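Observations on the three-dimensional arrangement
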Amino acid sequence: MTRVKRGSVARKYRKNILDFASGFRGAHSRLFRTATQQKQKALTRAYVDRKNKKRTLRRLWIARINAVARRYGSTHSGLIHDFYKNRVLLNCKILAQVATLDAYSFLKIIEEVNEKKS
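Reference entry: report on the structure contained in this document.

Reading the values: the criteria
- Residues numbered from 1 in each chain as written.
- Predicted model: local features only at pLDDT ≥ 70, side-chain atom pairs only at ≥ 80, totals over all residues.
- Heavy atoms only, no water.
- Helix = DSSP H or I, 4+ residues; strand = E, 2+ residues; numbered from the N terminus.
- Buried < 20%, exposed > 50% of the residue type's maximum accessible area, 1.4 Å probe, protein only.
- Areas by Shrake-Rupley, 256 points an atom, 1.4 Å probe, with all protein chains shown as cover.
- Lys, Arg positive; Asp, Glu negative; His and termini not counted.
- Charge placed at Lys NZ, Arg CZ, Asp CG, Glu CD.
- Patch = residues over 30% accessible without salt bridge, like charges linked within 9 Å, V, L, I, M, F, W, Y side chains within 5 Å.
- Salt bridge = Lys/Arg side-chain N within 4 Å of Asp/Glu carboxyl O.
- Phe/Tyr/Trp six-rings, centres within 6.5 Å; stacked < 30°, edge-to-face > 60°.

Now for the overall build of the chain. Counting its secondary structure elements, the chain contains 5 helices and 0 strands. Put simply, the chain runs from its N terminus to its C terminus through helices and strands in the order α-α-α-α-α. Taking the principal axes of the C-alpha coordinates as reference, the chain spans close to 85 × 35 × 20 Å. Looking at the chain residue by residue over its 118 residues, the buried ones come to 19%. Taken as a whole, the chain presents about 9,400 Å² of accessible surface, with 54% of it coming from carbon and sulfur. Across the chain, 29 positive and 7 negative side-chain charges occur, with their mean positions spaced 23 Å apart.

What follows is the structure in structure tokens.
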């Protein structure tokens, strides 16, 4: 079998990885082997943190809804339960925005659900 000299292909591959790691500190941006490891680690963390971001935002929305709902004599869980029972289709993100930006509208939504309940 003939010998394959990977000159330009290998250079392109290494350059691609070192370009990705260009913002890393120390040897992580200069040495190919450590840059490869750091690239793998960075991509793994990016994937995990995209999931964590969703988790964090959901916690924030629930806290905001709960804070405003308690002001009007309800809780987040009770409110969501009443929404499902009365088929009110508002997700947590929209509900949190309404609760923080327009408390009067949020109160009207709660009153509407309570009227349907009784």
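Judged by side-chain charge, Arg50, Lys51, Lys53 and Lys54 come together as a positively charged surface patch. Residue class for lysine 53 comes out exposed when judged on its relative accessible area of 55%.

Let us look at the packing of aromatic side chains. Per the stated rule, a full pass over the model turns up 2 aromatic pairs. With 5.9 Å between their ring centres and 65° between their planes, tyrosine 13 and phenylalanine 32 make a pair best called edge-to-face. Pair noted here: tyrosine 13 is in helix α1 (residues 7-20) and phenylalanine 32 is in helix α2 (residues 32-71), with a separation of 19 residues, a long-range link. According to the relative accessible area criterion, tyrosine 13 is partly exposed, its value standing at 47%. Relative accessible area serves as the criterion here: at 29%, phenylalanine 32 is assigned to the partly exposed category.

This next bit is on unusual backbone geometry. The residue arginine 87 is not glycine, and still its phi comes out positive at about 55°. Relative to the helices and strands, arginine 87 is located in the loop between α3 (76-85) and α4 (92-101). The exposure class assigned to arginine 87 is exposed, which follows from its relative accessible area of 73%.

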